[in-house]
Amino acid sequence: MHRLILIAFSIFICVGLTSCFDLPEGESGLGMKPVYISPDDFSVIYTREPQPNVDQGSFVSDGDFFYINERFKGIHVYDNTDLNNPVKIHFWNIPGCSEFTLDGELLYADNSRHLLTIDISDKADIKYVSHVKDIYTGDQQNNNFPEDYRGIFECVDFENGIVVDWEEAMLENVDCIIY
Amino acid sequence: MKYILSFFLLSFVLVSCTKVTEVDVNADSAISGKYNTIKVVGDFIYAVTDSELVTIDKTDNDNPKEIDRQELGDRIENLYEAENVLFIGSETDMYIFTLASNGIPEMQSETAHISFSDEVEVCDPVIAKNDIAYVTLSSVQPDNSVPCGGIIEINELRTYNIADLTSPKQVNTVDLDSPQGLSIDGDILFVTNLHGNTNVYDVNHNGGMNLVGVIPGGAHDVIATDGKVLIVSKTEIKQYDYSNIDNIIHYATIKL
């Protein structure tokens, strides 16, 4: 009996407090939610077949090759040996990547959190070498809202990992919106 | 709903001006376009975050280590290196650092783009050569026509004499449409305009610039090296040969 009263009392207190603090009601409905991966999973770094250019970022030229970042996805590799006909030959899959530079046979790139060293001596088979932890901790380096989008979305919680994509979903009680 | 305002502001800031410009004059290393923020100098990697300059010792590539982190102003956009001097552009300032023998950057100067107002926040890539720093300031951002932030609109190319790194002196200003990326090769400077054309200048070592060519079409980034130039827009990459500056030859246009 005491327990029942306690529960009832708790409910009463919760409801009371909620109204007292006037907590906002989150919005619900169709929106976007982040797709997370772990910043510490380096098995996702590899060479794959050329991918479509969707959202390009940084751009680097090095000898007969040039490289264009696909924001938060990786790097397009172009063979520019024939100036009249540059050919996209590979895609370096580096989820979270928006910053990079090349130094000989090494690539230094971010994954939104760490700075990675990647061996690119064989462009067709790149290999993760090492990383420096937590170089990027500010908001700028993270994919923290869906681009070209207006509407509600699930707020990014960096504790969940790095955001590599956004997907449409039915959302409940989300606190983020872009007008 | 508590995040609405902050996200609105945040998205404005992020969408507006997180882009960067630079070109590397070191012939051995890769040449970067204006969005890049990581530089390798000797055994060290320098990276700018949104508000910091970070130094990493990569003597052992299997075990690189962060050795220094300096807080700068917010909204840093670009890191450029020439002859062991780092240039950093933010939306409000140009920072110049020299590098100590242990790799740690030492600030020499911080130059505000506008001395009489804090209200200017522009996209402001910076590159440098022969004691001259080139800075493009643009209130036009790459994705649409929303200003880069701030109240006063500025769209110009500036040159600063940096013979004294502790005291850059503005020496020249050219009004442009919507300047974005810039790249220098020898005495030839390319400046793209987002909504205009790419201007080609013959520069002298006093900060003077002579317009010697115009490559049609808007673009946001450019890399010029060894007589060939790559010009990038959201929809295409164009490639030209400028080894004869009086006769710039179009090689290829790749649709993205």
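Quick caveat: nothing in here was measured; it's all calculated off a predicted structure.

A. Summary view of the overall build of chain A. Looking only at helices and strands, chain A has one helix and 13 strands in total. Along chain A, helices and strands appear, N-terminal first, in the series α-β-β-β-β-β-β-β-β-β-β-β-β-β. Counting every position in chain A, which comprises 179 residues, the buried fraction comes to 41%. The long-range fraction of contacts in chain A, counting pairs at least 24 apart against all pairs at least 6 apart in sequence, stands at 49%.

B. Quick look at the overall build of chain B. Of regular secondary structure, chain B possesses one helix and 21 strands. When the 256 residues of chain B are sorted by exposure, 48% land in the buried category. Taking the contacts inside chain B whose residues are at least 6 apart along the sequence as the reference set, 46% of them involve residues at least 24 apart.

C. Region of the structure containing the sheet that holds strand E13 (residues 169–175) of chain B. All names here are of chain B. The strand order across the open sheet formed by four strands is E10-E11-E12-E13, and the pairing between neighbours is antiparallel. At either end of the open sheet lies a strand with only one pairing partner, and these are strand E10 (126–129) and E13. Taking the axes of each pair of neighbouring strands and ignoring which way they run, one obtains an average angle of 20° across the sheet. In the sheet, strand E11 (residues 132–138) pairs with strand E12 (residues 155–161) via seven bridges, with the strands oriented antiparallel. Following the sheet pairing, Thr-136 is matched in E12 by Leu-157.

D. How the structure looks around unusual backbone geometry. Residues and elements named next belong to chain A. Of note, the phi angle at Phe-72 is positive, near 70°, even though the residue is not glycine. Looking at the secondary structure, you find Phe-72 in the loop between strand E4 (65–70) and strand E5 (74–79). The backbone of Ser-112 sits at a positive phi, close to 80°, despite the residue not being glycine. Note that Ser-112 resides in the loop between strand E8 (106–110) and strand E9 (115–119).

E. Geometry of the pairing of E10(B). Residues and elements named next belong to chain B. Here four bridges tie E10 to E11, and the two strands are oriented antiparallel to one another. Among the inter-strand pairings, Lys-129 is bridged to a residue of E11, identified as Ile-132. The antiparallel hairpin formed by E10 and E11 contains two residues in its connecting segment, where Asn-130 sits at a positive phi of about 50°.

Calculation notes
Residues numbered from 1 in each chain as written. Chains lettered and ligands numbered in written order. Predicted model: local features only at pLDDT ≥ 70, side-chain atom pairs only at ≥ 80, totals over all residues. Helix = DSSP H or I, 4+ residues; strand = E, 2+ residues; numbered from the N terminus. Buried ≥ 20, exposed ≤ 12 C-beta atoms within 10 Å, placed from the backbone. Contact = placed C-beta atoms within 7 Å. Pairing = 2+ DSSP bridges. Axes fitted to C-alpha atoms, helices over the stretch in contact; angles between N-to-C directions.

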